[in-house]
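# Inside the fold
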Amino acid sequence: MINKFCRQLGPLVYILSFTFDCEEETETSMANPKFQLKDAKIILGSSSMARRKILQEMGFDFTVMAADIDEMSIRREKPEDLVLALAEAKADAIISRLGIQGHKEENAHPTLLLTADTVVVYEGMIREKPSSKEEARHFVKGYSGGCAVVVGSVVVTNLSTGSRKQGWDKSEVYFHDIPDEVIDRLIDDGVTLNVAGGLMLEHPLTAHFVDTVIGTPDGVMGLSKSLTQKLLEESLQS
């Protein structure tokens, strides 16, 4: 039955996407329905090259500011709560660096700050960036012939009004068996240390061994396009 609804894209099969959005108003503000996304200045609060690439693919011009926060000091039991809390903390840190004390007048062109975070859940355990090559090897070896769940958040803060929109996205990645020599090459490459759970879907050594993705590849890579578009648009209306 599942195959009836699948479409084949290269070596991967993409089936469903799970996206949940929630609204948070940090401050009561007036709506500005006359503004469109093309009128807004967008700041990507992330140093992730994957997120930059995704946002570029969406056709946006943006500037980049990385947030310097102690991610390990922020802990939540549920992965959905954790990624939202981390993305909010990144936004707050950047706002503090920008020295924003109040908000601009109602008719000012909006500035939208986009922050995000991603974790991997494997056998009920939350995995963030590996702390060492040994931990990265342990992570990737565990995915061989198994499944990893990727949970990612998007938070958009309208710096002109003080409003904040947020949501999270979930995808499942199923793997074929990954030979040890491939895992060794992947670890030696070093990229696994820079991504949540050591999982880099787009890496040529990884992609060949991905069986099925239930969700979207952009969500797995760190930024759900559909959720990002939705929250950016909603942030202009409050």
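Residue numbers run consecutively from 1 along every chain, following the written order of its sequence. This being a predicted model, a pLDDT of at least 70 is required before a residue's local features are given, and a value of 80 or more before pairs of side-chain atoms are given or counted; all residues contribute to the totals for chains, interfaces and linings. Only heavy atoms go into the side-chain values, all of them from the structure, while hydrogens and water stay out.

## Re helix 3 (residues 133-143)
We count it as follows: With a 1.4 Å probe rolled over the protein chains alone, any residue whose accessible area is under 20% of its type maximum counts as buried; one over 50% counts as exposed, and the rest are partly exposed. Helix numbers and strand numbers start at the N terminus; a helix is a DSSP run of H or I with at least 4 residues, a strand a run of E with at least 2. In this description, the arc belongs to the directions extending from the helix axis to the C-beta atoms. Residue contacts are defined here by distance: any two heavy atoms, one from each residue, within 4.5 Å place the two residues in contact.
Taken together, the buried positions of helix 3 are Ala136, Phe139, Val140, Gly142 and Tyr143. For helix 3, the angular spread of buried residues about the axis comes to 155°, placing them on one side. Within helix 3, the exposed residues directed more than 90 degrees away from the buried face are Glu134 and His138. Against strand 6 (111-122), strand 7 (125-127), strand 8 (147-158), strand 9 (163-175) and helix 4 (180-189) lie the buried residues of helix 3. Gly145 lies just past helix 3 and shows a positive phi near 70°.

## Regarding the layout of surface pockets
Heads up, the condition is: Put plainly, a pocket is an open set of points on a 1 Å grid over the protein atoms alone with protein on both sides within 12 Å along at least five of seven lines, a cavity is a set where a 1.4 Å probe fits but cannot get out, and a lining residue has an atom within 4 Å of a point. Grid points are joined across faces, edges and corners, and a volume is the space filled by probe spheres set on the points. Three classes are used, and their members are as follows: Ala, Val, Leu, Ile, Met, Phe, Trp, Tyr, Cys and Pro are nonpolar, Asp, Glu, Lys and Arg are charged, and the others, Gly among them, are polar.
Approximately 710 Å³ is the volume attributed to the largest pocket. Residue lining of the largest pocket: 31 residues in total, with Ser48, Arg51, Lys129, Asn194 and Val195 positioned closest to the centre. Going through the elements one at a time, helix 1 (49-57), strand 6 and helix 6 (217-221) are the ones with two or more residues in the lining of the largest pocket. Tallied by class, residues from the lining of the largest pocket come to 16 nonpolar, seven polar and eight charged.

## Description of the packing of helix 3 against helix 4
Between two packed helices, what matters for the description is the angle formed by their axes and the separation of those axes. Our working rule: Axis geometry follows a simple rule: fit a line to the C-alpha atoms, using only the stretch in contact for helices, then measure angles between N-to-C directions, giving values from 0 to 180 degrees. Roughly parallel means an angle under 35 degrees; roughly antiparallel, over 145; roughly perpendicular, 65 to 115; everything else is oblique. If you view the pair so one helix is near and one far, a crossing is left-handed when the near helix is turned anticlockwise from the far one by less than a right angle, and right-handed when it is turned clockwise.
Direction vectors running N to C along helix 3 and helix 4 enclose 140°, while the axes themselves pass 10 Å from each other. Compared by their axis directions, helix 3 and helix 4 come out oblique. Of the two possible hands of crossing, helix 3 and helix 4 adopt the one that is right-handed. Counting all contacts with helix 3, which are made through Lys133, Ala136, Arg137, Val140 and Lys141, the residues of helix 4 involved are Asp180, Ile183, Asp184, Leu186, Ile187 and Asp188. Residue composition of the contact of helix 3 with helix 4, grouped by class: five nonpolar, no polar and six charged.

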